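# Summary of structural features
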Amino acid sequence: MTDHLAVYVKSAQKTYGKDTIFENLSMSVEKATIYGLLGASGCGKTTLLNCIIGRKKLDKGDVWTLGYKPGTKGVVPGPRMGYMPQDTALVPEYTVKETIYFFGRIANMSDDRIFNRFYELSKLLDLPPRNQYVRDCSGGEQRRISLAATIVSEPELLILDEPTVGVDSVLREKIWSYFIELVRDQKVTVLLTTHYIEECNGADKVGLMRNGHLLTEQPPLIILSLYESETLEQAFLKLCIQEDEGKYSDIEKNQNSMYYTPSTSMQSFQEYQSTEKLLEKPNEPYEIWGVNPKHVQSLLHKNWTQFKRNIMGLILFGVLPITQTFFFVYCIGGQLRDLKLGIINYEVPWDGCHMYDKRLSAIPNSETYDCTFRNLSCRFIEYLDDPMIDIMRFDGVDDATEAIKHGIIIAYIYFPQNFSQCYEEKARDMLSVDPESLESAKIHGEFDMSSKPLGEGLKYKLIDLFLDFQRDLYQDCNWNKRIGQPPINEHYLFGKKYDPYLMFLIPGLLATFGFFFGATMTSQIIVSEKCEGVWDRSLAAGVTTLEVVLGHLILQFSICVFHALTPLIVTLYIYGLEYQGSFFHMALICIIQNSCGLVLGFYISVASKTHSQANYTVTGILLPVIIMCGMLWPLESLPYFLQLISKCLPVTLPIVGLRNVIRKGESFWTPQLLTVNLIPIGWITVLILLSLWQIKTVK
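All of these numbers come straight from a predicted model, not from anything done at the bench. (Residues numbered from 1 in each chain as written. Predicted model: local features only at pLDDT ≥ 70, side-chain atom pairs only at ≥ 80, totals over all residues. Heavy atoms only, no water.)

## What about the nonpolar core?
Formed by 113 residues in total, the largest nonpolar core has its most connected members in Phe179 and Val190. Here this core takes 13 residues from helix 22 (residues 583–607), the largest share from any one element. Ignoring anything within four residues of it in the chain, the contact list for valine 190 reads Thr33, Ile34, Tyr35, Leu158, Leu160, Phe179 and Val183. Grouped together as the second largest cluster of nonpolar side chains are 30 residues, Met388, Leu458, Phe469 and Trp479 included. (Core = buried A, V, L, I, M, F, W, Y, C linked by side-chain atoms within 4.5 Å. Buried < 20%, exposed > 50% of the residue type's maximum accessible area, 1.4 Å probe, protein only. Helix = DSSP H or I, 4+ residues; strand = E, 2+ residues; numbered from the N terminus. Contact = heavy atoms within 4.5 Å.)

What follows is the structure in structure tokens.
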């Protein structure tokens, strides 16, 4: 019954939240005709078109496009239908020629045929120069390019949303003449919306839409006759007034076909099927596992062109990994330097220390195995000649305490008046020395621990220097210098005693930087395409969601390999980090981490509706992951339930694995490291599946 219809909508209903966009709407578009859908902004025209092309779903009712339900693979969407959205929906980084070639290729056209069509359309639509970038074209020029991209493949059905907005009257008349020629000679069906009501006088049929329903659906001449009007605008106004006054009956709202006489351009479905097209139709696409390689190639070219022509993006792409790594390794976790330490010496005046002789500070007695100590405070001060320490002299404790309060120094130490004598008594017989002498044998100090890294760093440095001082002192007394060592025999199986804190941080740096570089790079991709309209337009042309995902992920994976290897090369070969394991194994872990971040960013981009939403999501994920992943502080410090959550994060266990490769020389293929990397691989799999589901189901 509907073989002669290109589009048939029956009892359609669509709501958005609590608002009804259209309800119980029916319309029919005969094949090989021009159908003009007219109505004020917001009446539901664009939403109805999106339902017809399959980009939105009806809540109730049915839609058939070219005899098929929207969503039928290879038909609707597909190259048999050309769709021009209300926005220009073009790639700003493309030239005019590249734009036409892109839309022609995803419609499975050969390059020779695209070249011929581009030449024809350039003359017809007065397109800008072929090498001019779309972003440099005016609004009117962009709409002409958009129209050319829609009709380049000569589809059977053209669905055009405001195709002549911003076009001068001469060119508008030329475009309409071309539409009439397409209908007459090639039996194309044109369904369009327009602001210019009167230009639809040339249509075979118009539908006047208001508040989500069709007031009437008839040829222009019949509408003018029925409502005794000279223009369609007057007829539309009369219909609106009658509806507001309640004089517009249900019978009139659904006028039957007795008033409708098909134009000479209309033919039956059977006649249409037997008519030969003047130009060849696109070839059937060659597919591998449901993927058209030509589509993927075109999408890759588009994505690469957008990337390489974004100058600021290219600069950030090349510079950010290097600069971020440079600042990290040189600003975080390095050795502390020039910490202000106050010295108060009650034993020897400052001038006296300049004249003391180190050889006379410890005089051994070979007969009694005793040792006489003199000016030990001056001897210890010599050991404070270290890059970490910058000595400041003070005359008393009160002055030094005030200096700490005002942030001038980090700490101060002072030597009691009889320090050397009491230290000698303590060394000779620790069990019999009186408590007062024992207290005087100590170096006393006070520290500012408001900055724990500074206070702790200076404290442990002083302890290490004092142990060095004590060992040398015992050796000068001909005593066994081991007596001056702590009663612990230390051996380091992995790492070194004085490795900087940066050695602990580096694996976290490599894993998390790669993860968030990947997430940041891809978090805007789909959002940008949705906002530009290229997303809907590509899918309407027959590109599948899987092809879109592949087109982005293949390019982004290549980029993420660079982002994974660059920080690794900087830290290992420029900064000179010592490592035990294989570079290949470290690179493999980093690439997996970058890939995981890439897929996370891609999913965020798919799920987000705006750039701000995508940015907030990435930023909101960043801080909790860095705090909980063990990059800054060991996992053992977390409460048990947070440890469990942390180990499920995509970066936590890979940081541990990367640390084992760098510091212990473990292989990626050991069971422990393979298990560790199953976490990010699992995240990658889940996020890809979620992205595909989100793209496919959410319209």
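## Points about the sheet that holds strand 8 (residues 205–210)
The six strands lie next to each other as 5-6-7-3-8-9, forming an open sheet whose pairing is mixed. The sheet is open, and its two borders are formed by strand 5 (81–84) and strand 9 (213–218), each paired with just one other strand. This sheet shows a mean twist of 15° between the axes of neighbouring strands, independent of strand direction. As paired strands, strand 5 and strand 6 (residues 157–161) are joined by four bridges and run parallel to one another. Its bridge partner lying in strand 6, methionine 84 is registered against leucine 160. Contacts from helix 1 (residues 45–53) reach strand 3 (34–39), strand 5, strand 6, strand 7 (189–193) and strand 8, with the element oriented near 150° to strand 6. (Pairing = 2+ DSSP bridges. Axes fitted to C-alpha atoms, helices over the stretch in contact; angles between N-to-C directions.)

## A closer look at the pairing of strand 7
In terms of burial, strand 7 is largely enclosed, as five of its five residues are buried. In the sheet, strand 3 pairs with strand 7 via four bridges, with the strands oriented parallel. Paired with isoleucine 34 across the strands is valine 190, a residue of strand 7. In this sheet, strand 7 lies alongside strand 6 in parallel orientation, the contact comprising five bridges.

## What about helix 5 (residues 169–186)?
With 18 residues, helix 5 should reach 26 Å at 1.5 Å per residue; the first-to-last C-alpha distance of 25 Å fits that figure. Within helix 5, the full set of buried residues consists of Leu171, Arg172, Ile175, Trp176, Tyr178, Phe179, Leu182, Val183 and Gln186. Projection of helix 5 onto a plane perpendicular to its axis shows the buried side chains occupying an angular sector of 155°, all on one side. Facing away from the buried side of helix 5 by over 90 degrees, the exposed positions are Ser169, Val170 and Glu173. The secondary structure elements touched by the buried residues of helix 5 are strand 3, helix 3 (111–125), helix 4 (139–151), strand 6 and strand 7. (Expected span 1.5 Å × (residues − 1). Arc of directions from axis to C-beta.)

## Description of the state of the cysteines
One pass over the structure, following the stated rule, counts two disulfides. One disulfide bridge connects cysteine 353 with cysteine 378, the sulfur atoms lying 1.9 Å from each other. With the S-S dihedral at roughly -75°, the linkage between cysteine 353 and cysteine 378 falls on the left-handed side. Pair noted here: cysteine 353 is in helix 12 (residues 350–355) and cysteine 378 is in helix 13 (residues 376–383), with a separation of 25 residues, a long-range link. With relative accessibility at 4%, the residue cysteine 378 sits in the buried group. One disulfide bridge connects cysteine 371 with cysteine 477, the sulfur atoms lying 2.0 Å from each other. Across the S-S bond linking cysteine 371 and cysteine 477, the dihedral sits near -70°, which makes this disulfide left-handed. Note that cysteine 371 is positioned in strand 12 (residues 371–373) and cysteine 477 in the loop between helix 17 (452–476) and helix 18 (502–522), a separation of 106 residues in sequence. Owing to a relative accessible area of 3%, cysteine 371 belongs among the buried residues under this scheme. Cysteine 477 gets classed as buried once you look at its relative accessible area, which sits at 3%. (Disulfide = S-S within 2.5 Å.)

## Observations concerning the environment of leucine 314
Tracing the backbone through its elements, the reader meets leucine 314 in helix 11 (residues 311–331). Excluding residues that lie within four positions of it along the chain, leucine 314 makes contacts with Phe307 and Lys308.

## Quick notes on helix 11
Here helix 11 contains 21 residues, and its C-alpha end-to-end distance of 29 Å stays within 8% of the 30 Å for a straight helix at 1.5 Å per residue. Along helix 11, the sharpest change in direction is near 40° and occurs at valine 319; proline proline 321 comes one to four residues later. By the burial criterion, the buried members of helix 11 are Phe317, Pro321, Thr325, Phe328 and Val329. Buried residues in helix 11 make contact with helix 10 (293–308), helix 18 and helix 21 (545–574). (Bend = angle between axes of the 7 residues up to and from the residue.)

## Looking at the sheet that holds strand 13 (residues 389–393)
Ordered by their spatial adjacency, four strands build an open sheet running 13-10-14-15, and the pairing between neighbours is mixed. The sheet is open, and its two edges are formed by strand 13 and strand 15 (444–447), each paired on a single side. Each strand axis lies, on average, 25° off the axis of its neighbour in the sheet, ignoring direction. Both strand 10 (residues 339–345) and strand 13 contribute to a ladder of five bridges, which runs parallel. Residue pairing in the sheet places isoleucine 343 in a bridge with arginine 393 of strand 13. Docked against the sheet, helix 17 engages strand 10, strand 13, strand 14 (411–415) and strand 15, running at close to 50° with respect to strand 10.

## Considerations on the confidence of the model for the protein chain
For the protein chain, per-residue confidence averages 84 on the pLDDT scale, and 92% of positions sit at 70 or higher. Low pLDDT, under 50, characterises residues 249–283; the stretch is placed with 60 contacts to residues that sit more than four places away or in other chains. (pLDDT = per-residue confidence, 0-100.)

## Examining the packing of aromatic side chains
Within the structure shown, the criterion is met by 26 aromatic pairs. Aromatic side chains tyrosine 383 and phenylalanine 469 sit 5.8 Å apart centroid to centroid with 85° between the ring planes, which places their arrangement in the edge-to-face category. Of this pair, tyrosine 383 sits in helix 13 while phenylalanine 469 sits in helix 17, placing them 86 residues apart in sequence. For the pair tyrosine 383 and phenylalanine 469, one class covers both residues: buried. Ring geometry for phenylalanine 415 and phenylalanine 419: centres 5.5 Å apart, planes at 65°, overall edge-to-face. We note that phenylalanine 415, like phenylalanine 419, is buried. Within the aromatic cluster, the residues linked to one another by ring pairs are Phe373, Phe380, Tyr383, Phe415, Phe419, Tyr423, Phe466, Phe469, Tyr474 and Trp479. Its end group placed over the ring of tyrosine 133, arginine 135 keeps NZ or CZ at 4.7 Å from the ring centre. (Phe/Tyr/Trp six-rings, centres within 6.5 Å; stacked < 30°, edge-to-face > 60°. Lys NZ or Arg CZ within 6 Å of the ring centre and 35° of its normal.)

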